[in-house]
Amino acid sequence: MTPHDLDASEAATLIRAGRLTAVRLLESCLERIASRENEVHAWTALDAARALAAARDCDARPPAGLLHGLPIGVKDVIDTADLPTAYGSPIYQGHRPRADAACVALLRAEGAFVLGKTVTAEFATSFPGPTRNPWNTAHTPGGSSSGSAAAVADRMVPLACGTQTAGSIVRPAAFCGVVGFKPTFGWTSRQGVKQVAESLDTLGSFGRSVTDAALMAAAMAKRPSFMQAAAVPVAPQRVTVVRTDAADEAQPEAWSALETVAQRLSASGACVRRAELPTPCQRLGEIHPQIEHFEAARALAFEHASAPAQLSERLRTRLEHGLSQPEAIYRAACAVAAECRAAVACWVRDQGVLLTPSATGEAPAGLATTGSAAFNRRWSLLGLPCLSMPVMAGPNGLPVGVQLVAPWHAEGALLAAAVWIEQMLGRPRFADDVTRRARASPRSDAPTRSVGD
């Protein structure tokens, strides 16, 4: 196994033991990027020389910190002092912040170094960047954290961070076949993160295993409890399969993945129930855009006023809608959201781990959109911690995942259950573009890559 194929937790262990150097790991990642970036387009800025200097510095001192010697990707709405941060917009081309975002500073303090900035949809909204799904480049990787999910899935980097306002961590994680972890709203500082919707934006992490996603999140906020929870898998005793008003949008493979997990959990002794959200919550999918658009129009007021021609038509229309929306509608939507959070606070504690689709199914063909957030909006609006994990390959060989949801600030229970489920199911295997071409042309000398474990 080449170093770039290692999980982050495996690589960190080998580096601490002196059996792998940070330089060798980085060189392997750079080789992978050189061979695949022209197809995947996961990165908007890379600085190999700076990263190599940082890796050498790691190797020259004793290991310290959770992520010592690991290269990471940082979503391009998160400020970095040593790399451009363009927020996915031509308005900020070449922009260099004076300081790191708080989460980046904490990641560096834990021994990580930034390899580059990963592609984001425009201002972390819905107009996609150039990134393609690494398993089939004719399909979307999801968004808005498209580059982070794709880079981790394609083994260009072991870890990456992202943000979620509607479904920007969970959905790309599902489409790209990696683990995406979005903790409780407000779980860590968003200082230095470009704001879209003040009451919704949440930082999160991507890894190739639940442990890896927990490892990065722990480092992003100095939350060692996340790693402690992931280190002790716990079989969930109560699981509730939740259907929402978005159920009709799911493809058969989404329900197949959900039922596979539910049946395995039931066979293992868990009490698996089925339920719907409390009655007030049926409107969450409808009111999320009302809140998001109203807040985004104000967060991006400077860009809309000073450079409207450099915004996509899609975003410009959204901002104009948000500016024209009566304040009374926004206030009413916020009131419904507050009512739903109060209703869910008691309800969710009795349900155990919630199980629901991560996305509508496999990643859709085409690159014009990042896919539907129908299965993500309500959880983002409620502020609950969510985790997407890959379960199976769909009818086109692309990843399909499920989403686990827990009560507020119950990340420990969520991670412990997710690790247990991951171990129970094993990791699914997918065939990417390179593998498909090799199978179609057995005598081709095109390279292949290992997938799965």
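Residues numbered from 1 in each chain as written. Predicted model: local features only at pLDDT ≥ 70, side-chain atom pairs only at ≥ 80, totals over all residues. Heavy atoms only, no water.

## A word on the overall build of the protein
Turning to step 1, where the next piece is worked out: Check the secondary structure of the protein and you find 16 helices and 11 strands.
Turning to step 2, where the next piece is worked out: The buried share of the protein, reckoned over its 453 residues, is 60%.
Turning to step 3, where the next piece is worked out: When the accessible surface of the protein is summed, it comes to about 16500 Å², and 53% of that surface belongs to carbon and sulfur atoms.
Turning to step 4, where the next piece is worked out: If the 44 positive side-chain charges of the protein are averaged to one point and the 42 negative ones to another, these points end up 2 Å apart. (Helix = DSSP H or I, 4+ residues; strand = E, 2+ residues; numbered from the N terminus. Buried < 20%, exposed > 50% of the residue type's maximum accessible area, 1.4 Å probe, protein only. Areas by Shrake-Rupley, 256 points an atom, 1.4 Å probe, with all protein chains shown as cover. Lys, Arg positive; Asp, Glu negative; His and termini not counted. Charge placed at Lys NZ, Arg CZ, Asp CG, Glu CD.)

## Thoughts on the confidence of the model for the protein
Turning to step 1, where the next piece is worked out: The predicted model of the protein has a mean per-residue pLDDT of 94, with 95% of residues at 70 or higher.
Turning to step 2, where the next piece is worked out: Low pLDDT, under 50, characterises residues 441-453; the predicted model gives this stretch 20 contacts beyond four residues in sequence or across chains. (pLDDT = per-residue confidence, 0-100. Contact = heavy atoms within 4.5 Å.)

## Let's talk about the pattern of salt bridges
Turning to step 1, where the next piece is worked out: This model, assessed by the stated rule, comprises 17 salt bridges.
Turning to step 2, where the next piece is worked out: Residues Asp-7 and Arg-427 are paired through a salt bridge, measuring 2.4 Å at the closest nitrogen-oxygen approach. Of this pair, Asp-7 sits in the segment before helix H1 (8-16) while Arg-427 sits in the loop between helix H15 (411-425) and helix H16 (433-440); the two residues are 420 residues apart in sequence, bridging distant segments of the chain.
Turning to step 3, where the next piece is worked out: Arg-108 is the salt-bridge partner of Asp-100, the closest N and O atoms lying 2.7 Å from each other. (Salt bridge = Lys/Arg side-chain N within 4 Å of Asp/Glu carboxyl O.)

## Topic: the packing of helix H7 (residues 210-221) against H15
Turning to step 1, where the next piece is worked out: Interhelical geometry of H7 versus H15 gives an angle of 155° and a closest axis separation of 9 Å. Judged by the inter-axis angle, H7 sits roughly antiparallel to H15. Residues Val-210, Thr-211 and Ala-214 of H7 touch H15, and the partners they reach there are Leu-415, Ala-418, Val-419 and Glu-422.
Turning to step 2, where the next piece is worked out: Split by residue class, the contact of H7 with H15 holds 5 nonpolar, 1 polar and 1 charged. (Axes fitted to C-alpha atoms, helices over the stretch in contact; angles between N-to-C directions. Parallel < 35°, antiparallel > 145°, perpendicular 65-115°, else oblique. Nonpolar A, V, L, I, M, F, W, Y, C, P; charged D, E, K, R; others polar.)

## Some details on helix H13 (residues 327-349)
Turning to step 1, where the next piece is worked out: Between its first and last C-alpha atoms H13 spans 33 Å; for 23 residues at 1.5 Å apiece the expected length is 33 Å, and the two agree.
Turning to step 2, where the next piece is worked out: Ala-343 marks where H13 bends most, by close to 25°.
Turning to step 3, where the next piece is worked out: Residues of H13 that are buried: Tyr-330, Ala-333, Val-336, Ala-337, Cys-340, Val-344, Trp-347 and Val-348.
Turning to step 4, where the next piece is worked out: In this structure, the buried residues of H13 make contact with strand S7 (238-243), strand S8 (271-276), helix H10 (284-299), strand S9 (353-357) and helix H14 (377-382). (Expected span 1.5 Å × (residues − 1). Bend = angle between axes of the 7 residues up to and from the residue.)

## Regarding the pairing of strand S11 (residues 399-405)
For a regular strand, side chains alternate in direction, first toward one face of the sheet and then toward the other.
Turning to step 1, where the next piece is worked out: Extensive coverage of S11 is indicated by the burial of 7 of its 7 residues.
Turning to step 2, where the next piece is worked out: Pairing geometry for strand S10 (residues 386-393) and S11, over 7 bridges, is antiparallel. By the bridge assignment for S11, Cys-386 is matched with Val-405.
Turning to step 3, where the next piece is worked out: The turn joining S10 and S11, which pair antiparallel and follow one another in sequence, is formed by 5 residues; a positive phi near 80° is taken by Gly-397. (Pairing = 2+ DSSP bridges.)

## Here's the deal with the side chain of Thr-370
Turning to step 1, where the next piece is worked out: Tracing the chain through its elements places Thr-370 in the loop between S9 and H14.
Turning to step 2, where the next piece is worked out: Setting aside chain neighbours within four positions, we find Thr-370 in contact with Ser-126, Pro-128, Thr-140, Gly-142, Gly-143, Arg-171 and Phe-175.

## Description of the sheet that holds S9
Turning to step 1, where the next piece is worked out: Pairing within the open sheet is mixed, and its 11 strands lie in the order S1-S3-S2-S4-S6-S5-S10-S11-S9-S7-S8. The sheet terminates laterally at strand S1 (43-46) and S8, the two strands that pair on one side only. Taking the axes of each pair of neighbouring strands and ignoring which way they run, one obtains an average angle of 30° across the sheet.
Turning to step 2, where the next piece is worked out: One ladder, built from 5 bridges, connects strand S4 (residues 159-164) with strand S6 (residues 202-207); its direction is antiparallel. Across the sheet, the residue bridging to Ala-160 is Phe-206, located in S6.

## Notes on the environment of His-95
Turning to step 1, where the next piece is worked out: Here His-95 lies in the loop between strand S2 (71-75) and helix H4 (102-109).
Turning to step 2, where the next piece is worked out: Residue classification places His-95 among the partly exposed positions, given a relative accessible area of 27%.
Turning to step 3, where the next piece is worked out: Between the C-alpha atom of His-95 and that of Thr-85, which follows or precedes it by 10 residues, the distance is 5.7 Å.
Turning to step 4, where the next piece is worked out: Once residues lying within four places of it in the same chain are set aside, the contact partners of His-95 are Pro-84, Thr-85 and Tyr-87.

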